[in-house]
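Below are the chains, spelled out letter by letter.
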Number of protein chains: 2
Amino acid sequence: MAEFVPPATRFVDLPAPFRMRRGGVLHGARIGYETVGELNPAGDNAVLILTGLSPSAHVAAHPDNPAPGWWEAMVGPGKPVDTNRWHVVCVNSLGSCMGSTGPPSPDPATGEPYRLRFPDLSVEDIADAAAAAVRALGYERLACVIGASMGGMSALALLTRHPELTRNHVNISSAVHSLPFSIAVRSLQREAIHTDPRWDLGRYDEESYPDRGMLMARKLGMMTYRSADEWDTRFGRTRVAPERGPEPSSAPGFEPGPEPATAPFGAEFEVERYLECHAQRFTRRFDPNSYLYLSRSMDWFDLGESCGGTAEEALAALRLDKALVIGVQTDLLFPLRQQRQIVEGLSAGSADVGFLALESPQGHDAFLVDTARFGPPVSKFLFEL
Amino acid sequence: MAEFVPPATRFVDLPAPFRMRRGGVLHGARIGYETVGELNPAGDNAVLILTGLSPSAHVAAHPDNPAPGWWEAMVGPGKPVDTNRWHVVCVNSLGSCMGSTGPPSPDPATGEPYRLRFPDLSVEDIADAAAAAVRALGYERLACVIGASMGGMSALALLTRHPELTRNHVNISSAVHSLPFSIAVRSLQREAIHTDPRWDLGRYDEESYPDRGMLMARKLGMMTYRSADEWDTRFGRTRVAPERGPEPSSAPGFEPGPEPATAPFGAEFEVERYLECHAQRFTRRFDPNSYLYLSRSMDWFDLGESCGGTAEEALAALRLDKALVIGVQTDLLFPLRQQRQIVEGLSAGSADVGFLALESPQGHDAFLVDTARFGPPVSKFLFEL
C-alpha cells in the first residue's frame, strides 16, 4: 500500500476509540503534522492550516525539511503567513496517505491495510481529528484557522463543532457544501479509478496498480482546477510535435506510458502533453483508496445538514473576532456565490467579516499559484490580528 | 460493428475516389441524409443542416419516419425552420455511424469494417462530403446552411471551400477552431475509450465492447454541454436514495450496470444517477471508433490553418447575403468570444451579419433544448430571407 509521508512529518495519536461520524471507530489512529515558526511564550500565536484533498502536512520549508512545501509562496519568514510572528501548524487530513491514518494504513485488528474496510470518512471526521490533534499537542486556543478548498470545508466543520478552538478564520475558495457540478466532476474522477480493473475493489498493489484510472482522475481534476482563459494564454493550439506518430494500422501494440503521441489517439496538443506529464507525476504519489475516500467526503459535506439546520444558521452561531473569506471569479468547482454564502452566514454572528472576490485567471488553484493576488490580503489580515 | 441508421435515412454515393485531406481515399463511400418539406419548383428553398458530433440525419419527423428528430422543436411545419416554406436537407457526417461511411463501415478492399484503417478524418472532409452529397442530389445553390456545434465548424469549412454553394448562413455555438479547454475535454473523453481494455485498438465487438470508456466519455461530455447553474436548479444536492448500499466489505463483486448505488463508490446523488442513466443510453448507440474519429477532427479543425491564413481572412473572403451567429453565455466548450470572432470575420466581407449572445442557462446544449431563446431569432432570420 502506498503511503507517502514527508521526511520531517511528525505524528500525534488520536484518542481511542476515535468515533467516525457515519459509523465505525478507529483504534491507534494518528495524524501527521508539521510546524513552522516558534510558539511564543504566551502560546497565542498558533495558526492551524487545513489542506485541500491531496497535500501533505509539509506546508513550507523548515529546518527539519528544507524542501519547498505545498504553500511555500505563502508561508515562511516575511511571507504572508509570516513565520517570524506565527507558529504555523499544518495537519494532514485523516484518511489521507501522507502521515495520517487512512485506507492504506494497517488496521490494528488484522495487521493488514484497511483498504475498503476503512470506515466511511466525512469532512467532520477530518475536522474532529484535526481538533483532537491540536489539543493533544497542547494548543488550547488558536490565533487563526486557515483552510482552502477542501481545507475550507474542514475548517468550517471544525469551527462549528469546536467553536472555542480559534479566534479568527481565513476561508479560501471553499463552500458549505458541494454543488452538483463539483459532485459530478468528483464522481467521474472516482469512476475512472474504481472502474479501472486494476483497482480491484481496492486490493491493488505496486505491481497491479490503477494507473490509468488515477491518470484520468487527475487530468479531470486539473481541467477543473484552472480556467479556460488561462489555458488559452498558456497553450493555445500549440502542437507537441509537427508530425503524428506511426499510422494506426502499423502502430505497435498500444502501451501506456510517457509516449502517447506514438499511440492511436495519443497526445498531439501541448495542453494534452501538459496534462499527461503532470498527471503521471501524481498517480503513484497518492493512494487511490485515500483519494476515493477523501473525494467522497467532499460530496457528502453539508454544513447545514451536519449542524441540524441551515448552513447560514450554523455560521451565524459562530463568534469569531475576525474572518476573511476569499473566492476567485474563475473558479468552476467552488463558484463565487458559495464564498458569498459563507460571508453572509458569518456576518450574522461575527463582527468583522471581510470578503474578497479576486479576478485571478487561475481558477480554483489560484490560492496555490497566484501569490500576487492572495498574498497581500492574507498578509494584511494576519498583520492586523 | 455498430451502425445505427434511422429507418428512413436515404443514401447518396460520394464520387470515387473521395480524397481525404490528411491522406487516404475512400471508394464506394456514401452519405446518409434525410429531407423534410418540399423542394419548390424554382429549387431555391433548400436549407442544409449540418449536425453536431453525434446526431443522425433524422433532424425532424417526416412522413417516412414520424419519430421525433434530434432538432424536432426547431424543424417542422410552422416551426422556426418552417418546412412549409423550406426544404430541409440534413446530412449525417462522414465518419459517423448513422448512415454515412465511417470506421464501422465495410472497407471495400477487404470486406471487413475499416475500424482504425479508416483514413484520418478532418472537419474539411466532412464538409467536402456534405457538399458532394448535396451536389449529387442536384442542389446547385442552397438558400441557407445551418450548423451548430461541430456542425458549425463543418459549415464554416463548407462555406470557405465551396463558397458558391449557399447564399445565407446560420452558425450556432461554434468556432473557427477548438481552444485548449475543449481539446482537453475531448482528449480525456477519447482517453476513456481508448484506454478501456475492451476497445482493443478498435477491434471490439458486441460481446466485448468498451462500455466503461463510452460511459465515462459521455458523462464528461454531458458535464461540459450544460452549465453548473442549471444543475444547481435541477439537481441541487438531492440524493438518489435515503440509504447507502451495502457496506463495502460485504458488497458483492462490483458489476457494471444500472445499479451503481449498490457498489462501493456508486452513485448517491441525483446528478450522478442522471449522468449514469443518460450515458447508459448512449454507449451502445454510437460506434466508439466513429466517436474517436469525429472527436479528434474537432480538435484538429483550424479554419485559418485550413485556408492558409487567419480565420478572419478566410471569413472575410466570403460574400454571404445574410448571416446570423448565435452563442450562449454559459457555453464552456465554445465560449462566446469564439462566436464574436466568427462575426468579426464575416462582417468584413458580408453585408448583413447578425450576432446574438443568448443568456440561456443551458450552456452548449442550449440550441437543442432552449427553443424559447433559439426559436425566435432563427425564425426571424429565415422569414426575412
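Residues numbered from 1 in each chain as written. Chains lettered and ligands numbered in written order. Predicted model: local features only at pLDDT ≥ 70, side-chain atom pairs only at ≥ 80, totals over all residues. Heavy atoms only, no water.

A closer look at the domain arrangement of chain A
Residues and elements named next belong to chain A. Taken as a whole, chain A is organised into domain 1 (10–178 + 301–383) and domain 2 (210–283). With ten residues of domain 1 at the contact, the number on the domain 2 side is eight residues. Summed over both sides, the interface of domain 1 with domain 2 buries roughly 760 Å², with 56% coming from carbon and sulfur. Taken together, domain 1 and domain 2 are joined by one salt bridge. Two residues, Arg226 and Asp365, come together in a salt bridge whose shortest N-O distance is 3.2 Å. There are four residue pairs in polar contact (both at pLDDT 80 or more) connecting domain 1 and domain 2. Looking at the side of domain 1 that touches domain 2, its residues break down into four nonpolar, five polar and one charged. (Domains from an automatic or database assignment. Contact = heavy atoms within 4.5 Å. Buried area = accessible area lost by both parts, 1.4 Å probe. Salt bridge = Lys/Arg side-chain N within 4 Å of Asp/Glu carboxyl O. Polar contact = N/O pair within 3.5 Å; in protein donor to acceptor, adjacent residues only side chain to side chain. Nonpolar A, V, L, I, M, F, W, Y, C, P; charged D, E, K, R; others polar.)

Structural notes on the sheet that holds strand β1 (residues 10–13) of chain B
Residues and elements named next belong to chain B. In space, the eight strands of this open sheet follow the order β1-β4-β8-β5-β9-β10-β11-β12, with mixed pairing throughout. Edge positions in the sheet fall to β1 and β12 (352–358), since each of these pairs with one other strand and no more. The average angle at which neighbouring strand axes cross in this sheet is 20°, direction not considered. Pairing analysis gives five bridges linking strand β5 (residues 46–50) to strand β8 (residues 87–91), with the strands arranged parallel. Bridge pairing links Ala46 to His87 in β8. Lying on the sheet, helix α2 (residues 150–161) is in contact with β5, β9 (144–148) and β10 (168–172); it crosses β9 at an angle near 140°. (Pairing = 2+ DSSP bridges. Helix = DSSP H or I, 4+ residues; strand = E, 2+ residues; numbered from the N terminus. Axes fitted to C-alpha atoms, helices over the stretch in contact; angles between N-to-C directions.)

Observations regarding the UniProt feature "binding site: substrate" (unreviewed entry) in chain A
Residues and elements named next belong to chain A. If you check UniProt for "binding site: substrate" (unreviewed entry), the listed places come out as Arg218 and Asp365 in our numbering. In sequence the annotated residues extend across 148 residues, while in space they remain close, none of their C-alpha pairs exceeding 13.6 Å. Considering the arrangement of structural elements, one finds Arg218 in helix α4 (residues 211–225). What Arg218 contacts, discounting residues up to four positions off in sequence, is Ser54, Tyr225, Ala279 and Phe282. Along the chain, Asp365 falls in the loop between β12 (352–358) and α11 (366–369). According to the relative accessible area criterion, Asp365 is buried, its value standing at 14%. (UniProt positions renumbered as here; feature names shortened; annotations may be inferred. Buried < 20%, exposed > 50% of the residue type's maximum accessible area, 1.4 Å probe, protein only.)

Quick word on the side chain of A:His177
With respect to the helices and strands, A:His177 occurs in the loop between β10 (168–172) and α3 (180–194). Sequence-distant contacts of A:His177, that is, excluding residues within four places in its chain, are made with A:Met153, A:Phe301, A:Asp302, A:Gln338, A:Gln341 and B:Arg237.

Concerning the sheet that holds strand β11 (residues 322–328) of chain A
Strand pairing in a sheet is mediated by backbone hydrogen bonds. Such pairs are either parallel or antiparallel. Residue and element names in this part refer to chain A. Taken together, eight strands build an open sheet; the order of strands is β1-β4-β8-β5-β9-β10-β11-β12 and the sheet is mixed. The open sheet has two edge strands, β1 (10–13) and β12, and neither has a second partner. The mean angle between the axes of side-by-side strands here comes to 20°, regardless of whether they run parallel or antiparallel. Helix-sheet contacts for helix α10 (residues 336–347) involve β10, β11 and β12, and the interaxial angle to β11 is about 165°. Each of β9 (144–148), β10, β11 and β12 touches helix α12 (residues 371–383); the most contacted strand, β11, lies at about 175° to it.

Focus: the side chain of B:His162
Along the chain, the position of B:His162 falls in the loop between α2 and β10. In this structure B:His162 touches B:Ala127, B:Asp128, B:Ala131 and B:Arg135, once residues within four positions along its chain are discounted.

A look at the interface of chain A and chain B
Across the contact, 59 residues belong to chain A and 59 residues belong to chain B. For the pair chain A and chain B, the summed buried surface comes to about 5300 Å²; carbon and sulfur atoms form 63% of the total. Linking A:Asp302 and B:Arg237 is a salt bridge whose minimum nitrogen-to-oxygen distance equals 2.9 Å. On inspection of chain A and its partner chain B, the count reaches 24 residue pairs in polar contact (both at pLDDT 80 or more). Secondary structure elements with two or more residues in the side of chain A that touches chain B: α3, α4, α5 (228–234), α6 (270–283) and α7 (288–300) of chain A. Of the residues belonging to the side of chain A that touches chain B, the class tally is 31 nonpolar, eight polar and 20 charged.

What to know about the UniProt feature "active site" (unreviewed entry) in chain A
Residue and element names in this part refer to chain A. Within this structure's numbering, the places UniProt gives as "active site" (unreviewed entry) are Ser149, Asp331 and His364. Separation in sequence by 216 residues is not matched in space for these annotated residues, since their most distant C-alpha atoms are only 10.6 Å apart. Tracing the sequence through the fold places Ser149 in the loop between β9 and α2 (150–161). Sequence-distant contacts of Ser149, defined by excluding residues within four places in its chain, comprise Ile172, Ser173, Ser174, Met298, Phe334, His364 and Phe367. Position of His364 relative to the elements: it lies in the loop between β12 and α11. Setting aside residues up to four positions removed in sequence, His364 forms contacts with Ser149, Ser173, Thr224, Tyr225, Asp331, Leu333 and Phe334.

Some words on the nonpolar core
Formed by 180 residues in total, the largest nonpolar core has its most connected members in A:Leu94, A:Leu158, B:Leu94 and B:Leu158. Apart from the residues lying within four places of it in its own chain, the contact partners of B:Leu94 are B:Leu14, B:Phe18, B:Met20, B:Leu26, B:Ile31, B:Ser100, B:Thr101, B:Leu121, B:Asp125, B:Ile126, B:Ala129 and B:Leu294. (Core = buried A, V, L, I, M, F, W, Y, C linked by side-chain atoms within 4.5 Å.)

Remarks on the environment of B:Leu220
The topology assignment puts B:Leu220 in helix α4 (residues 211–225). The spatial distance from the C-alpha of B:Leu220 to the C-alpha of B:Leu275 is 9.0 Å, given a sequence separation of 55 residues. Excluding residues that lie within four positions of it along the chain, B:Leu220 makes contacts with A:Leu188, A:Leu220, B:Val185, B:Leu188 and B:Gln189.

Structural notes on the pattern of salt bridges
Applying the stated criterion across every chain yields a total of 50 salt bridges over all chains. Of the charged contacts in the structure, one is a salt bridge between A:Asp120 and A:Arg22, with a shortest N-O distance of 3.3 Å. Here A:Asp120, found in the loop between β8 (87–91) and α1 (123–136), pairs with A:Arg22, found in the loop between β2 (18–19) and β3 (25–26); they are 98 residues apart in sequence, far enough to count as distant. Linked by salt bridges that have partners in common, A:Arg186, A:Arg190, A:Asp299 and B:Glu272 make up one network.

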